[in-house]
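Here are the chains, one letter per residue:
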Amino acid sequence: MNTAPPLLVLHEARVPVGHREFGPFHLQLQAGERVALLGPSGAGKSTLLKLLAGESRPSSGSVQLDGQPLAGIPLASLALRRAVLPQSHAVAFAMPVALVVALGRMAVADDPARERIVAEALALAHAAHLLDRRFDSLSGGEQARVQLARVMAQLWDRRGGLLLVDEPLAALDPGLQIELLAAMTGFAAARQHALVAIVHDVNLALSGFSHLWLVQNGRLVGDLPSGRDAVPALATLFGVDLRCVTDEDGSFAVVARRRAELAA
């Protein structure tokens, strides 16, 4: 049983979104924990991720990182402790790929290992062959891999940090999804980084993460361990029938079907 203080704590945190208020969110995140954030489109997943990142401030309640109010941590210090991969990968200028990844190292004043870390992060993100390319010449999936390398480079030589990623696998083919999920979770585990990822594929969420946060209509409706017992909650969340298919080695996958009352 983990008795260490939580890395991140949200206590009754609410955040304004237009004319609405999302929350209250009451959550705890331990160092090394891997959490998949799931919910229907527009449920508030990205809003919650921005609250965790300190990009949005709560209108009430609190968000603390290592016992400190997140909003009070200087940006230069925060950049050494948490990295954020947003859903959009746009870069304003025609930057070399190596420079895009090196941006993750900007907060490090003396960084003699930067070139090596950039190359190793690209290799881990299955993007080493893109090192000499220009970012705006890449496909959407290639850009996603380069940006994933950037946030891994940011926390490469840190321990116990916070890695927040918004749909990191969305633009990738199934093989790359599996490979990059393993790379991302392995990277976080080796450094005891807490990982929170917005994921739309239920099977990737169940196979790659230890915990699930379920969001609907701007509210947290589930905070539960990943696994077969979470399937009924996921079926309710998305309004579909989810059936478990078990392999001979005991592993399982879920198959989604429209509910009978909707299909009739």
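Only a predicted model underlies this, so the values are computations on that prediction, with no experimental measurement involved.

(A) Region of the structure containing unusual backbone geometry. A cis amide bond links Gly23 with the next residue in sequence, Pro24, at an omega value of 5°. Positive phi outside glycine occurs at Asp66, with the angle close to 50°. Within the element layout of this structure, Asp66 appears in the loop between strand S4 (60–65) and strand S5 (68–69).

(B) Main features of the side chain of Arg105. Within the secondary structure layout, Arg105 lies in the loop between helix H3 (97–102) and helix H4 (114–124). Take Arg105: its relative accessible area is 2%, and that puts it in the buried class. For Arg105, the side chain forms a polar contact with the side chain of Asp111, separated by 3.0 Å. In this view, Arg105 contacts Asp111, Arg114, Ile117, Ala153, Gln154, Trp156 and Asp157; residues no more than four positions away in its chain are not counted.

(C) Inspection of the packing of aromatic side chains at higher detail. Going through the model one piece at a time under the given rule, you end up with one aromatic pair. Here the aromatic rings of Trp156 and Phe187 are separated by 5.7 Å at their centres, their planes lie at 35°, and the arrangement is tilted. A residue pair is termed long-range when its members are at least 10 positions apart, and Trp156 in the loop between helix H5 (140–154) and strand S7 (162–166) and Phe187 in helix H6 (residues 174–191) qualify at 31 residues. On the accessibility criterion, Phe187 (2% relative accessible area) is buried. Directly above the aromatic system of Phe252 lies the positively charged group of Arg228, at a separation of 4.6 Å from the ring centroid.

(D) Region of interest: the side chain of Gln147. Position of Gln147 among the secondary structure elements: in helix H5. Gln147 gets classed as buried once you look at its relative accessible area, which sits at 7%. Only 2.6 Å separates the side chain of Gln147 from the side chain of Arg150, close enough to count as a polar contact.

(E) Region of interest: the environment of Arg257. Here Arg257 is to be found in strand S12 (residues 252–257). With a relative accessible area of 44%, Arg257 lands in the partly exposed category. The sequence separation of Arg257 and Ala235 amounts to 22 residues, and the corresponding C-alpha distance is 9.7 Å. In this view, Arg257 contacts Val240, Asp241 and Arg243; residues no more than four positions away in its chain are not counted.

(F) Layout of the nonpolar core. Judged by nonpolar contacts, the single largest core of 54 residues is most densely connected at Leu38, Val146, Leu163, Leu212 and Leu234. The contacts of Leu38, once residues within four sequence positions are left out, are Lys45, Val199, Val202, Ala205, Leu212, Trp213, Leu214, Val215, Leu234, Leu237 and Phe238. Grouped together as the second largest cluster of nonpolar side chains are 30 residues, Phe22, Leu27, Leu49 and Leu162 included.

(G) Representation of a nonpolar patch on the surface in the model. A surface patch of nonpolar side chains, amounting to about 300 Å² of accessible area, comprises Leu99, Leu103 and Met106. Along the chain, the position of Leu103 falls in the loop between H3 and H4. Using a relative accessible area of 38% as the deciding quantity, one classes Leu103 as partly exposed.

(H) Representation of the pairing of strand S9 (residues 211–216) within the structure. The buried fraction of S9 amounts to five of the six residues, a majority that puts the element mostly inside the structure. The pairing of strand S3 (residues 34–38) with S9 spans four bridges and is parallel. Looking at S9, one finds that Ala36 is bridged to Leu212. Strand direction decides the pairing type here: S9 and strand S10 (residues 219–225), joined by six bridges, are antiparallel. Within S10, the position partnered with Leu214 by the bridge is Gly222.

(I) How the structure looks around the sheet that holds strand S2 (residues 20–29). Ordered in space as S2-S1-S4-S5, the four strands form an open sheet in which the pairing is antiparallel. Sheet topology places S2 and S5 at the edges, where each strand pairs with a single neighbour. The sheet contact formed by strand S1 (residues 8–17) and S2 spans seven bridges and is antiparallel. Paired with Ala13 across the bridge in S2 is Phe25. Relative to the sheet, helix H1 (residues 45–53) contacts S1, S2 and S4, its axis offset from that of S1 by approximately 125°.

Reading guide: rules and limits
Residues numbered from 1 in each chain as written. Predicted model: local features only at pLDDT ≥ 70, side-chain atom pairs only at ≥ 80, totals over all residues. Heavy atoms only, no water. Helix = DSSP H or I, 4+ residues; strand = E, 2+ residues; numbered from the N terminus. Buried < 20%, exposed > 50% of the residue type's maximum accessible area, 1.4 Å probe, protein only. Polar contact = N/O pair within 3.5 Å; in protein donor to acceptor, adjacent residues only side chain to side chain. Contact = heavy atoms within 4.5 Å. Phe/Tyr/Trp six-rings, centres within 6.5 Å; stacked < 30°, edge-to-face > 60°. Lys NZ or Arg CZ within 6 Å of the ring centre and 35° of its normal. Core = buried A, V, L, I, M, F, W, Y, C linked by side-chain atoms within 4.5 Å. Patch = residues over 30% accessible without salt bridge, like charges linked within 9 Å, V, L, I, M, F, W, Y side chains within 5 Å. Areas by Shrake-Rupley, 256 points an atom, 1.4 Å probe, with all protein chains shown as cover. Salt bridge = Lys/Arg side-chain N within 4 Å of Asp/Glu carboxyl O. Pairing = 2+ DSSP bridges. Axes fitted to C-alpha atoms, helices over the stretch in contact; angles between N-to-C directions.

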